[in-house]
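Spelled out, the chains give:
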Amino acid sequence: PVVRAGDWIIVSGQLGLKDGAIVSGGVRTQTAQAIESLKGQLKSVGATIKDVKKTLCFLTDMDTFATFNDAYVEGFGNSRPARSTIGVASLPANGAVEIEAWAYKPEK
């Protein structure tokens, strides 16, 4: 779910999964959980959310964008990576949100 390519760290799409199941509460809670999972993957390789420079986000219902965006902004704090958000027909595990990230963290 996370790989290093030189100075870049790529985290595969994170869903709103906790203990192997999609969290209840809809887009807001799924977004928050996806970001927590993203943070965990980054931490495993010595990076933080502040190192993220680009995200690719997927929503199964673009009408939920405002709710997604509120949770996304909350989860990323003052960090504002470039972002693309794409509407898709479906996601694994019947998720409503998926977030992929690219972080820049030079190797020492």
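Draft legend 1. Spotlight on the environment of G77. Tracing the chain through its elements places G77 in the loop between α2 (65-76) and β6 (82-87). For the pair G77 and K50, spaced 27 residues apart in sequence, the C-alpha to C-alpha distance is 8.8 Å.

Draft legend 2. The arrangement of the pairing of strand β5 (residues 52-59) in detail. Two elements, β5 and strand β7 (residues 97-104), share seven bridges in a ladder whose sense is antiparallel. By the bridge assignment, K54 is partnered in β7 with W102. Where β5 and β6 come together, six bridges link them in parallel fashion. Bridge pairing in β6 links K54 to A82. Of the crossover connections in this fold, the one passing from β5 over α2 to the parallel β6 is right-handed.

Draft legend 3. Representation of the pattern of salt bridges. Evaluated as defined, the whole model comprises two salt bridges. Ionic pairing is found between R28 and D70, a salt bridge with its closest N-O pair at 3.8 Å. Of the two residues, R28 sits in helix α1 (residues 27-43) while D70 sits in helix α2, which places them 42 residues apart along the sequence. Note that K39 and E36 form a salt bridge whose closest N and O atoms lie 3.5 Å from each other. Of this pair, K39 and E36 both sit in helix α1, separated by three residues, roughly a single helical turn. The exposure class assigned to E36 is partly exposed, which follows from its relative accessible area of 45%.

Draft legend 4. The arrangement of the sheet that holds strand β1 (residues 2-5) in detail. Pairing is mixed across the open sheet formed by five strands, whose spatial order is β1-β2-β7-β5-β6. Of all strands in the sheet, those bounded by a partner on one side alone are β1 and β6. For this sheet, the mean angle separating the axes of adjacent strands, direction not counted, is 15 degrees. One ladder, built from four bridges, connects β1 with strand β2 (residues 8-15); its direction is antiparallel. Note on β2: the bridge partner recorded for R4 is I9. Packed onto the sheet, α1 meets β1, β2, β5 and β7 and runs at close to 150 degrees relative to β2. Along the sheet face, α2 touches β5, β6 and β7 and points at about 150 degrees away from the line of β5.

Draft legend 5. Just the side chain of Q30, in detail. Topologically, Q30 is positioned in helix α1. For Q30, a relative accessible area of 7% puts it in the buried group. Engagement of the side chain of Q30 in a polar contact is seen with the backbone nitrogen of A96, the distance being 2.7 Å. Not counting residues up to four positions away in its chain, the partners in contact with Q30 are G16, I22, V23, G95, A96 and V97.

Criteria and thresholds
Residues numbered from 1 in each chain as written. Predicted model: local features only at pLDDT ≥ 70, side-chain atom pairs only at ≥ 80, totals over all residues. Heavy atoms only, no water. Helix = DSSP H or I, 4+ residues; strand = E, 2+ residues; numbered from the N terminus. Pairing = 2+ DSSP bridges. Right-handed = clockwise from strand over helix to strand, strands pointing away. Salt bridge = Lys/Arg side-chain N within 4 Å of Asp/Glu carboxyl O. Buried < 20%, exposed > 50% of the residue type's maximum accessible area, 1.4 Å probe, protein only. Axes fitted to C-alpha atoms, helices over the stretch in contact; angles between N-to-C directions. Contact = heavy atoms within 4.5 Å. Polar contact = N/O pair within 3.5 Å; in protein donor to acceptor, adjacent residues only side chain to side chain.

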